[in-house]
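Residue-level listing of the chains:
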Amino acid sequence: MSTPTTAPAPADATTQAGAADWAGGHEFSLDAAWTLNPQVALRPERFGALAYHFGTRRLSFLKSPHLLTVVERLADHPTARAACLDAGLDAAQTATFGKALATLARTDMIVPRNPA
Amino acid sequence: MSTVLPRAGVPGPTAASATSTRTPMDDLLATSAAASAHATGHATTAAPTGAQMRPVGSLVDEFQSGLDAPICLTWELTYACNLACVHCLSSSGRRDPRELSTAECKGVIDELQRMQVFYVNIGGGEPTVRKDFWELVDYATAHQVGVKFSTNGSRIDAAVAEKLAASDYVDVQISLDGATAEVNDYVRGPGSYDTAMTAMGHLKDAGFSGFKLSVVCTRQNIGQLDEFKAIADHYGAQLRLTRLRPSGRGADTWDELHPLPEQQKELYDWLVAHGEDVLTGDSFFHLAAYGDALPGLNLCGAGRVVCLIDPIGDVYACPFAIHDEFLAGNVRSEGGFQGVWQTSELFLELREPQSAGACNSCDFFDKCRGGCMAAKFFTGLPMDGPDPECVLGHGEELLKQRGDAFIPKPSMDHSKNLSKRQRLEKAAAERGITLPPEGQPLPVRQNGAGIPDKACDENPLAGFGTAEVVDRGASPSVDRLAGLGFPSRLEG
């Protein structure tokens, strides 16, 4: 079992996060197509949501209802950036959310998807 | 080592708890430590930005006031155990005839699925001795309830290990309380070291990497932390260290087994040095006054985001608090588990802000929050004061002053090592009646209809009524939860 990273996400969320440090992790790009991993379940909460990965048995807390919205809409958009836009985020917020999405990708919570 | 006789062992306090999280995250996300992820997110605060984003309190604040469903919970499936560890927090040994049936357990799992409780930590007793254990594990994982179970390893043979290795949704935790047979078997009983090592060998051979090796830290094994780490590494396991609690039979052995003050510092330093690799169930927050807080939420999740379901369906605030004071209800009641979780008076009180009491003026209160509720309760200390193992020594002072004050006993005791007379006395106490002196005849059975007066007719005192009624409420003079300086930790 891998151990979690302590490396902070890159300041510029449009750059790719550090190399995947989990087996099954993915390098994130805001300009690629993503979707929630089918092995992950979301439980909405006041603060955002719990996200649980049944395969890695990893629990994450999404600490913003908007992040939940973005994650839920990833599959409906050609890029993660478009999903952020659809959720009403501006460019600065999209950069912030990109860091969170990069962590979710690195931990296999969200996975790349064919844009078609 | 002195007074504790070697007996056999149960999955100790480890049967029950949660792991801490360790990943510092960006503002919008907190991620738990890998597998067997537990209730604790890292204590970073949410910082939503932008005008249209509704401000949300910190995760700690959110969790303090409770969630509509637990993040995870501990579920002890049986009080039966083939071992008899001297520190067993649930005083396990004999099965309780009132234990939930297979159908009732599946009903609980259905509820957990509806409530989106994503995983349970199954313990006991030794859960694998239940005939329907694997059926229940399979049922849970088929219903989106992941399982981590604690075991002494006695049923983990090569075939079981293969099956476990093939399942993503099941995690295993092997209990071991000494890095040598001498130290382990002193607490867990003769042969239990070899049993655990053999089980880990099977898991390794089956290719199950990342299972947990779970250790309760004691005075006798604090010096073996490096050896434990080496054992875990050898078997491809992840080491998990948790705190010894004075719960269950642990109440009787805590004085002898709990780490000495200088050992606490040794443990703290070791945890700081190995923090990223070792799980702790977030159970050592009371050591925070040595310096920086250890990773974790520094929050007691009891009744707020975690709880315990015991083998007979009783719901307690946490696995270390099997006592009427912390009993919220039973899953067999009309509203089921959800009703207990959402409406029990006890849990609603726990979700209110708690007073820091005597710890209010302490600079470290924000880190340790007065320590562990159960540790205070079962050592007879006030709930709104310091932990008995407060590293500033305040708990020790109180323990000295406490003298012969009444110390609460667990409400349940399924230990095997009771004499017939002791069992009778225990059963009488549970029913609020007083036994005649030894040698005199027992009272006459009054219930002619043959209907058990409790769910269990097996008990030697079922059906008897006697004169003197002992006031059960006379137990600990603790006004339920009044002024609890509530502890901090998510154990589940």
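Residues numbered from 1 in each chain as written. Chains lettered and ligands numbered in written order. Predicted model: local features only at pLDDT ≥ 70, side-chain atom pairs only at ≥ 80, totals over all residues. Heavy atoms only, no water.

S.K.: Pulling in residues and values, what's your account of the overall build of chain B?
M.R.: When helices and strands are counted, chain B shows 15 helices and 10 strands. Considering chain B as a whole, with its 492 residues, one finds that 61% of them fall into the buried category. Here the analysis covers contacts within chain B between residues at least 6 apart in sequence; of these, 73% occur between residues at least 24 apart. If you sum the accessible surface of chain B, you get close to 17600 Å²; carbon and sulfur atoms cover 51% of it. (Helix = DSSP H or I, 4+ residues; strand = E, 2+ residues; numbered from the N terminus. Buried < 20%, exposed > 50% of the residue type's maximum accessible area, 1.4 Å probe, protein only. Contact = heavy atoms within 4.5 Å. Areas by Shrake-Rupley, 256 points an atom, 1.4 Å probe, with all protein chains shown as cover.)

S.K.: I'd like a rundown of the overall build of chain A, residues and numbers included.
M.R.: In terms of helices and strands, chain A carries 3 helices and 5 strands. In sequence order, the secondary structure elements of chain A are arranged as β-β-β-β-α-α-α-β. Looking at chain A as a whole, 55% of its 116 residues qualify as buried. The contacts in chain A between residues at least 6 apart in sequence include a share of 56% that link residues at least 24 apart. Of the roughly 4300 Å² of accessible surface on chain A, a fraction of 55% belongs to carbon and sulfur atoms.

S.K.: Can you lay out the packing of helix H2 (residues 102-114) of chain B against helix H3 (residues 133-142) of chain B for me, pointing to particular residues and giving the numbers?
M.R.: Residues and elements named next belong to chain B. Across the interface, H2 lies against H3 with an axial gap of 10 Å and an inter-helix angle of 20 degrees. Considered as vectors, H2 and H3 are oriented roughly parallel to each other. Remark: the crossing between H2 and H3 carries right-handed chirality. Contacts between H2 and H3 pair Thr102, Cys105, Lys106, Ile109 and Asp110 from the former with Glu135, Leu136, Tyr139 and Ala140 from the latter. Taken together, the residues that form the contact of H2 with H3 break down as 5 nonpolar, 1 polar and 3 charged. (Axes fitted to C-alpha atoms, helices over the stretch in contact; angles between N-to-C directions. Parallel < 35°, antiparallel > 145°, perpendicular 65-115°, else oblique. Left-handed = near helix turned anticlockwise from the far one by under 90°. Nonpolar A, V, L, I, M, F, W, Y, C, P; charged D, E, K, R; others polar.)

S.K.: If you had to explain the packing of aromatic side chains to someone new, which residues and values would you point to?
M.R.: All names here are of chain B. With the rule as written, the count across this model stands at 18 aromatic pairs over all chains. Here the aromatic rings of Phe133 and Phe149 are separated by 4.9 Å at their centres, their planes lie at 75 degrees, and the arrangement is edge-to-face. In this pair, Phe133 is assigned in helix H3 and Phe149 in strand S4 (residues 146-151), connecting sequence segments 16 residues apart. Grouping residues by exposure puts Phe133 and Phe149 together as buried. An angle of 85 degrees between the planes, with centres 5.8 Å apart, marks the rings of Trp134 and Phe149 as edge-to-face. With Trp134 in helix H3 and Phe149 in strand S4, the pair connects residues that are 15 residues apart, well separated along the chain. (Phe/Tyr/Trp six-rings, centres within 6.5 Å; stacked < 30°, edge-to-face > 60°.)

S.K.: Give a description of unusual backbone geometry that names residues and reports values.
M.R.: Residue and element names in this part refer to chain B. In this model, Gly124 is joined to Gly125 through a cis peptide bond whose omega is 15 degrees. Topologically, Gly125 is positioned in the loop between strand S3 (119-123) and H3. Non-glycine residue Gln116 carries a positive phi angle of around 60 degrees. Here Gln116 shows up in the loop between H2 and S3. A residue is classified by how much of its surface remains accessible, and Gln116, at 27% relative accessible area, is partly exposed.

S.K.: Which residues make up the pairing of strand S7 (residues 238-243) of chain B, and what are the values?
M.R.: Residue and element names in this part refer to chain B. Among the 6 residues that make up S7, 6 are buried, leaving the element largely enclosed by the rest of the structure. The alternating pattern of S7 places Gln238, Arg240 and Thr242 and Leu239, Leu241 and Arg243 on opposite faces, both of which are buried. Strand direction decides the pairing type here: strand S6 (residues 212-217) and S7, joined by 6 bridges, are parallel. Looking across to S7, one finds that Val216 is bridged to Thr242. Chirality of the crossover, the property in question, places the unit of S6, helix H7 (residues 225-235) and S7 among those that are right-handed. (Pairing = 2+ DSSP bridges. Right-handed = clockwise from strand over helix to strand, strands pointing away.)

S.K.: Describe the sheet that holds S3(B), and please don't skip the residues or the numbers.
M.R.: One key point about sheets: their strands pair by backbone hydrogen bonds, in either a parallel or an antiparallel sense. Residues and elements named next belong to chain B. Strand order in the open sheet formed by 9 strands is S7-S6-S5-S4-S3-S2-S8-S9-S10, and the pairing between neighbours is mixed. The open sheet has two edge strands, S7 and strand S10 (327-330), and neither has a second partner. Where strand S9 (residues 314-316) lies against S10, 3 bridges are found, and the strand directions are antiparallel. Bridge assignment links Tyr316 to a residue of S10, and that residue is Leu327. Contacts from helix H6 (residues 192-205) reach strand S5 (170-175) and S6, with the element oriented near 150 degrees to S5.

S.K.: Quick one: what's the story with the confidence of the model for chain B, residue by residue and with numbers?
M.R.: Residues and elements named next belong to chain B. Per-residue confidence for chain B gives a mean pLDDT of 79, with 75% of residues at or over 70. Counting contacts from residues 1-26, a segment whose pLDDT is below 50, to residues more than four positions away or on other chains yields 151 contacts. Within the model, the stretch residues 445-492 combines pLDDT values under 50 with 149 contacts to residues more than four positions away or in other chains. Overall fold confidence for the complex sits at a pTM of 0.78, while the interface term, ipTM, reaches 0.80. (pLDDT = per-residue confidence, 0-100.)

S.K.: Residues and numbers for the nonpolar core, please.
M.R.: Judged by nonpolar contacts, the single largest core of 89 residues is most densely connected at Trp75(B), Leu241(B) and Phe337(B). Discounting residues that sit within four places of it in the chain, Leu241(B) has contacts with Val215(B), Cys217(B), Leu225(B), Leu267(B), Trp270(B), Leu271(B), Val278(B), Leu279(B), Thr280(B), Gly281(B), Ser283(B) and Phe284(B). Core analysis: the second largest hydrophobic core is formed by 28 residues, Leu42(A), Ala49(A), Val71(A) and Leu74(A) among them. (Core = buried A, V, L, I, M, F, W, Y, C linked by side-chain atoms within 4.5 Å.)

S.K.: Account for the confidence of the model for chain A, naming residues and giving values.
M.R.: Detail in the predicted coordinates should be disregarded across regions flagged by low pLDDT. Looking at chain A as a whole, the pLDDT averages 82, with 78% of positions reaching at least 70. Model confidence for chain A, summarised as mean pLDDT per element, is weakest for strand S4 (residues 58-62) of chain A at 92 and strongest for strand S1 (residues 34-36) of chain A at 98.

S.K.: Explain the environment of Tyr193(B) to me, and be specific about the residues and the numbers.
M.R.: All names here are of chain B. Mapping Tyr193 onto the fold places it in helix H6. For Tyr193, a relative accessible area of 13% translates into the label buried. With 17 residues separating them along the chain, Tyr193 and Leu176 place their C-alpha atoms 6.9 Å apart. Those residues in contact with Tyr193, other than ones at most four positions away along the chain, are Leu176, Gly178, Ala179, Thr180, Ala181, Asn184, Asp185 and Ile231.

S.K.: How would you summarise the pattern of salt bridges if you had to cite specific residues and measurements?
M.R.: Summed over the entire model, instances satisfying the criterion amount to 17 salt bridges over all chains. Here Arg43(A) and Glu45(A) are joined by a salt bridge, their closest N and O atoms 2.7 Å apart. Put simply, Arg57(A), Asp171(B) and Lys212(B) are held in one network by salt bridges that share partners. (Salt bridge = Lys/Arg side-chain N within 4 Å of Asp/Glu carboxyl O.)

S.K.: Got a sec to walk through the packing of H7(B) against helix H9 (residues 261-274) of chain B? Specific residues and values, please.
M.R.: Residues and elements named next belong to chain B. Two numbers describe how H7 lies on H9: the axes approach to 11 Å, and their chain directions differ by 35 degrees. Contacts between H7 and H9 pair Leu225, Asp226 and Lys229 from the former with Leu267, Trp270 and His274 from the latter. For the contact of H7 with H9, the residue count by class is 3 nonpolar, 1 polar and 2 charged.

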